[in-house]
Number of protein chains: 2
Amino acid sequence: MDLRINFNRLKEDILALSQFGRDPKEGISRPSFSKADFEARDWLKIRIKDAGLTLRQDGAGNIFGRLEGEGKTIMAGSHIDTVINGGIFDGSVGVLSALECLRRIKEEGLRLAKPLEVASFTDEEGNLVGDFLGSRAFVGLLERENLEKGMTKFGTPLLDILKGTEFTIDSILNAHRHSPEIEAFLELHIEQGTVLETENKTIGIVDCIAGKQYRWCYFLGEAGHAGTTPFELRHDAFLGLADFALKSTQHVATHHYGSKLTIGKVSVSPGAFTIIPARVDFSLDFRSTSKETLDNLEKYILELGEDIASTRGLKFNSLLMDKTDPVTPSSRINAIMKEECQKLGFSSMKLSSGAGHDAQIMASVAEMGMIFIPCVDGISHSPKEMIDWDDLEKGANLLLNVLIRLANLNYS
Amino acid sequence: MDLRINFNRLKEDILALSQFGRDPKEGISRPSFSKADFEARDWLKIRIKDAGLTLRQDGAGNIFGRLEGEGKTIMAGSHIDTVINGGIFDGSVGVLSALECLRRIKEEGLRLAKPLEVASFTDEEGNLVGDFLGSRAFVGLLERENLEKGMTKFGTPLLDILKGTEFTIDSILNAHRHSPEIEAFLELHIEQGTVLETENKTIGIVDCIAGKQYRWCYFLGEAGHAGTTPFELRHDAFLGLADFALKSTQHVATHHYGSKLTIGKVSVSPGAFTIIPARVDFSLDFRSTSKETLDNLEKYILELGEDIASTRGLKFNSLLMDKTDPVTPSSRINAIMKEECQKLGFSSMKLSSGAGHDAQIMASVAEMGMIFIPCVDGISHSPKEMIDWDDLEKGANLLLNVLIRLANLNYS
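This write-up is about the structure you can find in this document. Remember, predicted model here, so these are calculated numbers, not experimental data.

Structural notes on the overall build of chain A
Within chain A, the regular secondary structure consists of 13 helices and 13 strands. For 412 residues, the compact-globule estimate of 2.2 N^0.38 gives 22 Å, and the C-alpha radius of gyration of chain A, at 23 Å, lies within 12% of that figure. In terms of overall dimensions, chain A has C-alpha extents of about 80 × 45 × 35 Å along its principal axes. Residue burial in chain A is summarised as follows: out of 412 residues, 63% are buried. At a minimum sequence separation of 6, the contacts of chain A that also span at least 24 residues come to 79%. Taken as a whole, chain A presents about 15,700 Å² of accessible surface, with 48% of it coming from carbon and sulfur. Averaging the coordinates of the 46 positive side-chain charges in chain A and doing the same for the 59 negative ones gives two points 2 Å apart.

Side note on the pairing of strand 5 (residues 182-190) of chain B
Residue and element names in this part refer to chain B. Summarising burial for strand 5: 9 of the 9 residues are buried, a large majority. In the sheet, strand 3 (residues 73-79) pairs with strand 5 via 4 bridges, with the strands oriented parallel. Bridge pairing in strand 5 places I74 opposite A184. Pairing between strand 5 and strand 13 (residues 367-373): 7 bridges, direction parallel.

Digging into the relation of the copies chain B and chain A
Taken together, a rotation about one axis and a shift along it account for how the two chain copies relate. Taken as rigid bodies, chain B and chain A are interconverted by a rotation of 180° and an axial shift of 0.1 Å, the fit giving an RMSD of 0.2 Å. Viewed as a symmetry operation, the transformation between the two copies matches a two-fold axis. Minimal C-alpha distance to the rotation axis in chain B is attained by A242 of chain B, lying at 2.1 Å. Counting the interface residues of chain B, we find that 100% of their copies in chain A are interface residues as well, pointing to one common contact surface.

Digging into the packing of helix 1 (residues 7-17) of chain A against helix 2 (residues 35-50) of chain A
When two helices pack together, their arrangement is given by the angle between the helix axes and by the axis-to-axis distance. Residues and elements named next belong to chain A. The interhelical angle for the contact between helix 1 and helix 2, taken along N-to-C directions, is 160°, at an axis separation of 11 Å. With respect to helix 2, the element helix 1 is oriented roughly antiparallel. Note that helix 1 runs across helix 2; the crossing there is right-handed. Residues R9, D13, A16 and L17 of helix 1 pack against A40, W43 and R47 of helix 2. Taken together, the residues of the contact of helix 1 with helix 2 break down into 4 nonpolar, no polar and 3 charged.

Observations concerning helix 2 (residues 35-50) of chain B
Residue and element names in this part refer to chain B. Here helix 2 contains 16 residues, and its C-alpha end-to-end distance of 23 Å stays within 8% of the 22 Å for a straight helix at 1.5 Å per residue. Regarding helix 2, the residues found buried are A36, D37, A40, R41, W43, L44, K45 and I48. Residue G52 follows helix 2 closely and has a positive phi angle near 80°.

Description of the sheet that holds strand 2 (residues 63-67) of chain B
Strand pairs in the sheet, formed through backbone hydrogen bonds, run parallel or antiparallel to each other. All names here are of chain B. Spatially, 8 strands are ordered 1-2-4-3-5-13-6-12 in an open sheet, and the strand pairing comes out mixed. Since the sheet does not close on itself, it has two edges, and those belong to strand 1 (54-57) and strand 12 (348-353), each with one partner. Here the strands of the sheet are splayed against their neighbours by 25° on average, with no regard to which way each runs. Sheet topology places strand 1 next to strand 2; 4 bridges connect them, and they run antiparallel. Residue pairing for strand 2: L55 is matched across the bridge by G65. Sheet strands touched by helix 11 (residues 331-344): strand 5, strand 6 (203-209), strand 12 and strand 13. Its angle to strand 13, the strand with the most contacts, is close to 40°. Running at roughly 175° to strand 5, helix 13 (residues 389-406) makes contact with strand 3, strand 4 (116-121), strand 5, strand 6 and strand 13 of the sheet.

A word on the packing of aromatic side chains
By the definition in use, this model includes 33 aromatic pairs over all chains. Centre to centre, the rings of F273 of chain A and W216 of chain B are 5.9 Å apart; their planes meet at 35°, and the pair counts as tilted. Pair noted here: F273 of chain A is in the loop between strand 9 (266-269) and strand 10 (279-288) and W216 of chain B is in strand 7 (residues 211-220), and the two residues belong to different chains. You can call F273 of chain A buried: its relative accessible area is 19%.

Observations regarding the environment of K343 of chain B
Residues and elements named next belong to chain B. Tracing the sequence through the fold places K343 in helix 11. Overall, K343 belongs to the exposed group, its relative accessible area being 60%. Sequence separation of K343 and P157 is 186 residues, and the distance between their C-alpha atoms is 50 Å.

Remarks on the sheet that holds strand 5 (residues 182-190) of chain A
Residues and elements named next belong to chain A. One open sheet accounts for 8 strands, arranged 1-2-4-3-5-13-6-12; its pairing is mixed. Sheet topology places strand 1 (54-57) and strand 12 (348-353) at the edges, where each strand pairs with a single neighbour. Strand-to-strand twist in this sheet, taken as the mean axis angle between neighbours without regard to direction, amounts to 25°. When strand 6 (residues 203-209) meets strand 12, the two strands line up parallel, connected through 6 bridges. Bridge pairing links V206 to L351 in strand 12. The sheet strands contacting helix 3 (residues 92-107) are strand 2 (63-67), strand 3 (73-79), strand 4 (116-121) and strand 5, and the helix crosses strand 4 at an angle near 160°.

What to know about the interface of chain B and chain A
Counting residues at the interface gives 57 residues for chain B and 57 residues for chain A. Across the chain B/chain A interface, buried area totals approximately 4,700 Å², and carbon plus sulfur atoms make up 65% of it. Three residues, H225, F231 and F273 of chain B, lead the burial of chain B against chain A; their summed loss comes to 16% of the area buried on that side. Counting the contacts that link chain B with chain A gives 2 salt bridges.

Definitions and cut-offs
Residues numbered from 1 in each chain as written. Chains lettered and ligands numbered in written order. Predicted model: local features only at pLDDT ≥ 70, side-chain atom pairs only at ≥ 80, totals over all residues. Heavy atoms only, no water. Helix = DSSP H or I, 4+ residues; strand = E, 2+ residues; numbered from the N terminus. Rg over C-alpha atoms; globule rule 2.2 N^0.38 Å. Buried < 20%, exposed > 50% of the residue type's maximum accessible area, 1.4 Å probe, protein only. Contact = heavy atoms within 4.5 Å. Areas by Shrake-Rupley, 256 points an atom, 1.4 Å probe, with all protein chains shown as cover. Lys, Arg positive; Asp, Glu negative; His and termini not counted. Charge placed at Lys NZ, Arg CZ, Asp CG, Glu CD. Pairing = 2+ DSSP bridges. Least-squares fit on C-alpha atoms with pLDDT ≥ 70 in both. Axes fitted to C-alpha atoms, helices over the stretch in contact; angles between N-to-C directions. Parallel < 35°, antiparallel > 145°, perpendicular 65-115°, else oblique. Left-handed = near helix turned anticlockwise from the far one by under 90°. Nonpolar A, V, L, I, M, F, W, Y, C, P; charged D, E, K, R; others polar. Expected span 1.5 Å × (residues − 1). Phe/Tyr/Trp six-rings, centres within 6.5 Å; stacked < 30°, edge-to-face > 60°. Buried area = accessible area lost by both parts, 1.4 Å probe. Salt bridge = Lys/Arg side-chain N within 4 Å of Asp/Glu carboxyl O.

Here is the structure:
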């Protein structure tokens, strides 16, 4: 027997989901717990029920569809929330491919050794209060204080956002108490990079998810009149950042090839044409597949900030906001993935993930594996996000066959 | 006869005016046409009337106090509006010293050859719609379109601000029709720099007011995922600005010593931790006492922007927002100032002004002269703005004696 997903149905699901949260500006803006997200959730719940799966929602708003079986659960999924002005594939392809796999298994009447679940995790994109709220809640990796004091990316306290929902800090913190035991977690995702495209491969088998640090930093100088303060008396906080940005980027590009460093958010105060910047606050995001590199980069960043501050008469500060170590997927699952690719005739390669995923959180409680499919020009988190639909069909068929292998079903 | 100002009265006036617009955060926030400004205006009008001067207000909200005489007017003044979180001396010392001078002349009953006026100009700081609204209105240098489309620094259309006042676009544009003919304009101001302090001189006789360009520029790149986009595929708009900021600053400091360049306002889009900046908009302010240098800098800036854009795969754009040429005060007035300093026993020196002043606008219709007094550490546009009061007393006495010389009165 040669089970395949119903590709047209999967494509229709992706296009249907993409109608929720269309931004009048461009792309999709569907942060978790927004109106558009709740509409998308209602749609997803109906699709899960229509598939004949058992619908479940936990206290963090994670949504599951279950096919019963014995023992620990084999789970596959991702997220349906998006960044602001994001694309239609990031996250969605993982949830809806998993749904399609379970739907096909159900409608074919295959007998399962182990239970299977599709999962859609809340706020993978971290619009509310740091990345992976849902998967962290699922595995019990959240702290009450962070939630109670948490501010969303839109400047609203998390508590205020929750008031309009059926969820509370307590329900989120307690979600993991009701989580089933998970044996394996699989996530299909767009690569968000250009490796598969460049290497002309259809399937990426992830061999490492990069670790990262998020830091919120500032340089503090002194305001002054732009027309009268000579250069030698200036303490221009913005020039401190300019120096820092160029040096740190060059350092990573030169000494840690493959690692990344990004300054994405910048606020200059007081922020007037004629006033020398007194202060600049900025985000720092650096990532690597090597824990040693991350540790070295932390040290380097802090020293560079102090050096520049001391040279330019500024003060430097850097606050750690979030930190994850690199995560390695299960070698057993990756071996199965490779075998199934060969059986199916799909070209595949190992590659690392620079982006974070719910899968890395799930790795703390289960064997984990990730399937990447190419995305055009590596673009994601953008309205321009695009895939070759054929690649998705192949990725979803791989997911289906790996799920069946893991659920230990003999169906030959 | 040896006429001197009443210093205690002047100091009391400055401290009284400083009570309007105290910012709960810090310093003085008294932009023109704010509630605090209207309260300060009412207070100033009473002080002018109490001094026995003829009060006049024009259609731009400029306030004048006049001592009658024959022929063209000798005027002295400055402004009472402030930047947000500014100090108590910038502008105020010029208006209130001029008031004190006319008050002393009036109370001594000196017979004048020419009319004298104290002037307080609206919105010198450009909070409403570009610098020098009041003095530009006085000399007829405003364009209707700029006012009608004008947005204030607070993001409100100028038209909305005017609705709450007795002023209109028409009254501002017509103000100059009622302006008296001006023979000479004098402005006493804090230096806003450290030259006098460094050289240990009490009086600065301004020999040039720097010209400037204000530009609003951007680099346009491409957004991308901070974790997955390799450096060689990035088009990071913020790194373009970092490069531009360091190179342009170094160029001015190295090749045009004494000229200034400042990037004071920066906006990074989309502005998220994990997204490579697609666009950065920024202000550019460069100034010089040499028109040739300004022309060279304009050319350099535009070439540098294009070079960086081309190297980094970005697009560069630069829009001219405002431009003034360097202005040279009257050599006749400066010679009189120097003579009066010698008579009064005040140390003095020539120096240029990096900041712009109403005086440079008045220079388009009259002989002009500026008196600088030191300010502590060169700090202005800041709650830390401070002076040595003795310096102010000397500066105001110089103003008094120069006014009398210019009004052609024999009082020996």
